[in-house]
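Below are the chains, spelled out letter by letter.
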Amino acid sequence: MSYLNTLLFGIYPYVAIAILVIGTWARYDQAPFTWKAHSSQMLRKKNMVMASVLFHVGVLVIFFGHLVGLLTPHWAYEWVITPGQKQVMAIVVGGIAGAMAIVGGAMLAWRRLTDPRVKASSTFADNMIIVILVVQLALGLLTILPTLGHLDGGTMLKFSAWAQGIFTLQGGVADYIADVHWIYKTHIFLGLTIFVLFPFTRLVHMLSVPVEYVGRKYQVVRKRA
């Protein structure tokens, strides 16, 4: 069990990050015209806007919440907020954002899997990644249940130590989360797997911020005579 824990949470994170970085760079360099979101809004607009807004706003809040929450050292915030208070805040904010994202994601997944026009234009990767994201969101919400049993922030500090240890190349970081609930571990493993899939799916559009649109010239469109 110790070997499996080390493999999944001590070695696999580096494999996933390497594939994420190298694969994303290779796709941008070798296949730049595939770097897009493959929007299906033109095919069927019904419920698209509401589902998309719920999903994207929820996911962005969750992403930056995880990023700041896991990678911010304890000493940087302990003079403002205790680990327990931080954990309660994460449950409330993450719970709301997660509910938004899973409702929007489920609507988008249902639309992509059942609407004839959208389904016809979807690839296997399109269908797979939206389903995986919805499952990951569901797992994230399920982690609230064991978290409610220990609101002292101790488990959260374990995850922070693990994540910071990964990014600072520490050894033995898998031991930090060896005894946590299996729901947490499944959530982490699937999150790392999403890193692996990232370069090969539409998720790459997350890295494309259309800042050039702000300063570009207006497009002149004239009616036919």
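## A short note on helix 8 (residues 182-197)
Piece 1. The end-to-end C-alpha distance of helix 8, which contains 16 residues, comes to 22 Å, matching closely the 22 Å that a straight helix rising 1.5 Å per residue would cover.
Piece 2. Taken across its 16 residues, helix 8 has 12 buried, putting it largely inside the fold.
Piece 3. Among all positions in helix 8, only Ile183, Tyr184, Lys185, His187, Ile188, Leu190, Gly191, Leu192, Thr193, Ile194, Val196 and Leu197 are buried.
Piece 4. Packing partners of the buried residues in helix 8 comprise helix 1 (2-30), helix 2 (48-71), helix 5 (124-142), helix 6 (144-147) and helix 7 (154-167).

## Observations concerning the nonpolar core
Piece 1. In this structure, Phe55, Leu108, Leu133, Leu137 and Leu203 are the most contacted members of the largest nonpolar core, which totals 24 residues.
Piece 2. Among the secondary structure elements, those contributing two or more residues to this core are helix 2, helix 3 (83-114), helix 5 and helix 8.
Piece 3. Discounting chain neighbours no more than four positions away, the residues touching Leu108 are Met48, Ala51, Ser52, Phe55 and Ile130.
Piece 4. In this structure, Phe159, Ala163, Ala174 and Val196 belong to the second largest nonpolar core, which totals 15 residues.

## Some points on the packing of helix 5 against helix 8
Two numbers describe a pair of packed helices, the interaxial angle and the distance between the axes.
Piece 1. Close contact between helix 5 and helix 8 brings their axes to 9 Å; oriented N to C, the two are set at 155 degrees. When the interaxial angle is binned, helix 5 and helix 8 end up roughly antiparallel. The chirality of how helix 5 crosses helix 8 is left-handed. In this structure, helix 5 contributes Met128, Ile129, Ile132, Leu133, Val135, Gln136, Leu139, Gly140 and Leu142 to the contact, and helix 8 contributes Ile183, Thr186, His187, Leu190, Gly191, Ile194 and Leu197.
Piece 2. A class-by-class count of the residues in the contact of helix 5 with helix 8 yields 11 nonpolar, 5 polar and no charged.

## Focus: the pattern of salt bridges
Piece 1. For the structure shown, the criterion picks out 2 salt bridges.
Piece 2. For Asp126, the salt bridge goes to Arg202, with nearest N and O atoms at 3.2 Å. On the criterion of sequence distance, the pair formed by Asp126 in helix 5 and Arg202 in the loop between helix 8 and helix 9 (212-215) is long-range, its members being 76 residues apart. The pair formed by Asp126 and Arg202 is uniform in burial state, with each residue classed as buried.
Piece 3. The shortest N-O distance in the salt bridge between Asp179 and Lys158 comes to 3.2 Å. Separated by 21 residues along the polypeptide, Asp179 in the loop between helix 7 and helix 8 and Lys158 in helix 7 bring together distant segments of the chain.
Piece 4. A residue is classified by how much of its surface remains accessible, and Asp179, at 58% relative accessible area, is exposed.

About the thresholds
- Residues numbered from 1 in each chain as written.
- Predicted model: local features only at pLDDT ≥ 70, side-chain atom pairs only at ≥ 80, totals over all residues.
- Heavy atoms only, no water.
- Helix = DSSP H or I, 4+ residues; strand = E, 2+ residues; numbered from the N terminus.
- Expected span 1.5 Å × (residues − 1).
- Buried < 20%, exposed > 50% of the residue type's maximum accessible area, 1.4 Å probe, protein only.
- Contact = heavy atoms within 4.5 Å.
- Core = buried A, V, L, I, M, F, W, Y, C linked by side-chain atoms within 4.5 Å.
- Axes fitted to C-alpha atoms, helices over the stretch in contact; angles between N-to-C directions.
- Parallel < 35°, antiparallel > 145°, perpendicular 65-115°, else oblique.
- Left-handed = near helix turned anticlockwise from the far one by under 90°.
- Nonpolar A, V, L, I, M, F, W, Y, C, P; charged D, E, K, R; others polar.
- Salt bridge = Lys/Arg side-chain N within 4 Å of Asp/Glu carboxyl O.

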